[in-house]
Amino acid sequence: MEICVPQEVLDTMMDKMDQVMAFLSRNQLDADQKRAMDSNGNTVVGAGAGSGKTTVLSYRFVRLLLENPELHADNILALTFTNKAAKEMKARIANHIRRLSEADGILSEETRKHFLQEWTNFFPRSQICTLDSFCSSIVRIDCLQYGLTSDFVVDEEKCRAQFRAIARKLLWYDKGDGRNLLVSLNKPDVLLEKLAEMAMEEFWLPGTLNAAQYVQWFFDAVESQKKQLKGRLETMFSMLYAAEPGSGDTQQIFRALVKKAWERYMADHDFDAMMDAGLLASFKAIRGKKGGLVEVRAKIKDDFVAFFSAYNALNTIFLHQGQIAAVAGFFAQYHDLCQAFKTRQGILCYNDLIHLAIDILKKNVGVRRYFAKKYRYIMVDEFQDNNDLQKQLVYLLAAKDSYEEHDVPPAEMLDEKLFFVGDEKQSIYRFRGADVSVFKQLGAELAKRDGTFVEMATNYRSEGFLIDTFTTMFTKIMENPTEAYEAVFTPLGSVNDHPEHATITIMLGRENENEASDEDDLAHRKAWEAKAVACKIDEMLHGDDYLVSDRKGSFRRPRPNDIAILMHTSGAQMLYEKALRSKGIPYEISQISRS
């Protein structure tokens, strides 16, 4: 439910804000952006790339100060995910407030003095920061109960190095079955790195690791994964069963095997019995160029082999439950040693900060009420890029004063102070932890409590030709979402229209006729790909086929810092560096920095 304001007061506020915006920028907000900026109740904004979300967030910050004389800049909490985004947002808001404080003769003297007071007295104390930075400030208030002093530091490199050292020592001295199994399955350096990564991602304060609970959780996860794979494999088996084989012996043999396995499955529903290694070997051996079976195999080959092998691997795990319990015991020892290092040395990981902050806000009602009263408005950018922990944190900060439970409040116990910005299309980054299911759930919860949803679907950054092409592609990729983590696709519009300067180039590698898949062949293909990309960039830098806007109405050749190479993983990075150096193309390596 939005705050009720008399119409005559609202009209005056709108006149003031229109004046302020006209002074701050020549560009007017579109209807969706203005609706988001003007929203007062709990609001969820779906904002695609280049849709002007930072502009809306900064103008909304100014509007809240303009329309609420008793509100100050340090009563508004603005959170985002990366240092870069936080700095950009703070700089934008700071520029608005500073300019308004100096606007003699343009705005009323009352408005100018109001923003002068904000600029000198309150904005320096404002919290426009990363999620990690804000969590750190909460933890320092009540860290003694966790064995930490308030001068703790966050140093992920030091933590990782120490976790490796702890793992090395434990592997050397521990002679239990769990340790022995891990050593037998992994190379020493690989095992150390896996254990260090496990400690970084899965061990956090104030968490504990109970070996028996871990075993139960592990097998529940394995069973869940089996069910997912089973559904995919059932579909592929039915396609193979229905396909007509060609005349070749390999096709006839496979056809007979899959027919027998599928009919046995349909009779007794024992899916595990169908997962015979001989059937997979026969599938790999299929040869020939004709027949429906060959066509189906070509469509599903990689997925079928991967899912088949993964399913059988998961089945094998259930044969070794005693060994899994021993491994869990080893993990529990390792967990306790890593946690002891953190509390003893006062050195934490980023993961610890949000878990500790949530635990403090749950247990310490006084601290929770302090922050809830201090921050009358909370704005969160890039919400979908984290997980449910971010939602828990913000819900605790927005809890009503009457809420006294030591848990995360339900939506009906929240004050109307929340403003979230997210993008469901970030679901394509699920491989790095993006979880849009939380963003979707958030919108549904707040909508039930009279919350507002605004979709900002116009892109102001990219050319219309590119946006139209991506919309066509992703409409197909994201159609018919069935999982909570999948996005409901909303097409983007665009205001830029220079089709002669917008191009998409698809570079296709040469197909290997023998379908070789050994590591040497893969490395050769990656090296060829890197060289081809470097040649294309060289062509872009020295030719006139890929001109870019100079932001002044003209176009120019791109410079090296206009070009980005995005990679799924850093595995091929050195090949790209070598290829770029061979062409004399300057480059720099950058990674996402959280805080």
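Residues numbered from 1 in each chain as written. Predicted model: local features only at pLDDT ≥ 70, side-chain atom pairs only at ≥ 80, totals over all residues. Heavy atoms only, no water.

## A few points about the overall build of the protein
A count of helices and strands for the protein gives 22 helices and 12 strands. With 595 residues in all, the protein has 43% of them scored as buried. In the protein, of all internal contacts separated by at least 6 residues, the share reaching a separation of at least 24 is 76%. Put simply, the protein shows about 32400 Å² of open surface, and 52% of that area lies on carbon and sulfur atoms. (Helix = DSSP H or I, 4+ residues; strand = E, 2+ residues; numbered from the N terminus. Buried < 20%, exposed > 50% of the residue type's maximum accessible area, 1.4 Å probe, protein only. Contact = heavy atoms within 4.5 Å. Areas by Shrake-Rupley, 256 points an atom, 1.4 Å probe, with all protein chains shown as cover.)

## Details of helix H17 (residues 365-374)
Listed as buried for H17 are Val365, Val367, Arg368, Phe371 and Ala372. Buried residues of H17, viewed axially, fall in a sector of 160 degrees; they line one side. Buried-residue contacts for H17 involve helix H6 (131-141), helix H16 (350-363) and helix H18 (388-397). Measuring from the backbone nitrogen of glycine 366 back to the side-chain oxygen at the start of H17 gives 3.2 Å, which picks out asparagine 364 as the cap. (Arc of directions from axis to C-beta. Polar contact = N/O pair within 3.5 Å; in protein donor to acceptor, adjacent residues only side chain to side chain.)

## Observations concerning the packing of aromatic side chains
For any pair of aromatic rings, geometry is given as the distance between the ring centres together with the angle between the planes. Counted by the stated rule, this structure contains 13 aromatic pairs. Their ring planes at 65 degrees and their centres at 5.6 Å tell us that phenylalanine 203 and tyrosine 334 sit as a pair that is edge-to-face. Note that phenylalanine 203 is positioned in the loop between helix H9 (188-202) and helix H10 (211-242) and tyrosine 334 in helix H15 (residues 321-345), a separation of 131 residues in sequence. Comparing phenylalanine 203 with tyrosine 334, the two get one shared label, buried. Here the aromatic residues Phe134, Tyr370, Phe371 and Tyr375 are joined through ring pairs into a cluster of three or more. (Phe/Tyr/Trp six-rings, centres within 6.5 Å; stacked < 30°, edge-to-face > 60°.)

## Considering unusual backbone geometry
In this model, leucine 205 is joined to proline 206 through a cis peptide bond whose omega is 5 degrees. Examined against the element boundaries, proline 206 turns out to sit in the loop between H9 and H10. A positive phi is found at aspartate 450, a non-glycine position, where the angle reads about 65 degrees. Tracing the backbone through its elements, the reader meets aspartate 450 in the loop between helix H19 (436-448) and strand S8 (452-456). The class of aspartate 450 is partly exposed, set by a relative accessible area of 47%.

## Brief notes about the confidence of the model for the protein
Within the protein, residue pLDDT values average 83, and 88% of them lie at 70 or more. Ranking the helices and strands of the protein by mean pLDDT puts strand S5 (residues 347-348) first, with 97, and helix H1 (residues 7-24) last, with 62. Here residues 9-14 is a poorly scored stretch, pLDDT under 50, and it has 3 contacts once near neighbours within four places are set aside; other chains count. Below pLDDT 50 for its whole length, residues 511-518 participates in 5 contacts with residues either more than four positions away or in separate chains. (pLDDT = per-residue confidence, 0-100.)

## A closer look at the sheet that holds S8
The 6 strands lie next to each other as S3-S2-S6-S7-S1-S8, forming an open sheet whose pairing is parallel. Strand pairing shows two members of the sheet lacking a second neighbour, strand S3 (127-130) and S8, which therefore form its edges. Averaged over all pairs of adjacent strands, the angle between strand axes in this sheet comes to 15 degrees, irrespective of strand direction. One ladder, built from 4 bridges, connects strand S1 (residues 43-47) with strand S7 (residues 418-422); its direction is parallel. Residue pairing for S7: valine 44 is matched across the bridge by phenylalanine 420. Contacts from helix H4 (residues 83-101) reach strand S2 (76-80) and S3, with the element oriented near 160 degrees to S3. Where H6 meets the sheet, its contacts fall on S2 and S3, and the angle it forms with S3 comes to roughly 110 degrees. (Pairing = 2+ DSSP bridges. Axes fitted to C-alpha atoms, helices over the stretch in contact; angles between N-to-C directions.)

## Details of the environment of methionine 17
For methionine 17, the location among the structural elements is in helix H1. Linking methionine 17 and leucine 64, residues 47 residues apart in sequence, is a C-alpha distance of 9.9 Å. Residues within four places of methionine 17 in sequence aside, it is in contact with Met37, Tyr59, Val62, Arg63 and Leu66.

## Re the environment of isoleucine 166
Note that isoleucine 166 resides in helix H7 (residues 156-173). A sequence separation of 175 residues divides isoleucine 166 from phenylalanine 341, and the C-alpha atoms of the two residues are 9.1 Å apart. Residues contacting isoleucine 166, with those up to four places away along its chain left out, are Tyr334, Leu337, Cys338 and Phe341.

## Overview of the packing of H10 against helix H14 (residues 292-317)
Where H10 meets H14, the axes come as close as 9 Å, and the angle between the chain directions of the two elements is 155 degrees. As the angle between them shows, H10 and H14 are arranged roughly antiparallel. As for how H10 packs across H14, the hand of that crossing is left-handed. In the contact of H10 with H14, the residues fall into 19 nonpolar, 2 polar and 4 charged. (Parallel < 35°, antiparallel > 145°, perpendicular 65-115°, else oblique. Left-handed = near helix turned anticlockwise from the far one by under 90°. Nonpolar A, V, L, I, M, F, W, Y, C, P; charged D, E, K, R; others polar.)

## Considerations on the pattern of salt bridges
Any two side chains of opposite charge can pair, so long as their charged atoms come close to each other. This structure, assessed with the given rule, holds 22 salt bridges. The shortest N-O distance in the salt bridge between aspartate 401 and arginine 369 comes to 3.7 Å. Taken together, the residues span a long stretch of sequence, with aspartate 401 in the loop between H18 and S7 and arginine 369 in helix H17 at a distance of 32 residues. Taking the relative accessible area as the measure of exposure, arginine 369 reaches 26% and is therefore partly exposed. One salt bridge connects lysine 536 with glutamate 539, and the closest N-O pair in it is separated by 3.3 Å. Here the residue lysine 536 and the residue glutamate 539 both occupy positions in helix H21 (residues 519-542), the gap between them amounting to 3 residues, near one helical turn. Residue classification places glutamate 539 among the partly exposed residues on the basis of a relative accessible area of 38%. In the salt-bridge network here, residues are joined through shared partners; they are Arg160, Arg164, Glu193 and Glu197. (Salt bridge = Lys/Arg side-chain N within 4 Å of Asp/Glu carboxyl O.)

## Overview of a nonpolar patch on the surface
A contiguous nonpolar surface patch, about 730 Å² in accessible area, is contributed by Phe465, Phe470, Met473, Ile477, Ile504, Ile506 and Leu508. Position of isoleucine 504 among the secondary structure elements: in the loop between strand S10 (493-496) and H21. Since its relative accessible area comes to 37%, isoleucine 504 is described here as partly exposed. (Patch = residues over 30% accessible without salt bridge, like charges linked within 9 Å, V, L, I, M, F, W, Y side chains within 5 Å.)

## Thoughts on the packing of H4 against helix H5 (residues 109-122)
Between H4 and H5, the shortest axis-to-axis distance is 7 Å and the interhelical angle comes to 135 degrees. Of the possible angle classes, the one that applies to H4 and H5 is oblique. Considering only the axes of H4 and H5, their crossing is left-handed. Between H4 and H5, the contacting residues are Ala94, Ile97, Arg98, Leu100 and Ser101 on the first element and Arg112, Phe115, Leu116, Glu118 and Trp119 on the second. Grouping the amino acids of the contact of H4 with H5 by side-chain chemistry returns 6 nonpolar, 1 polar and 3 charged.

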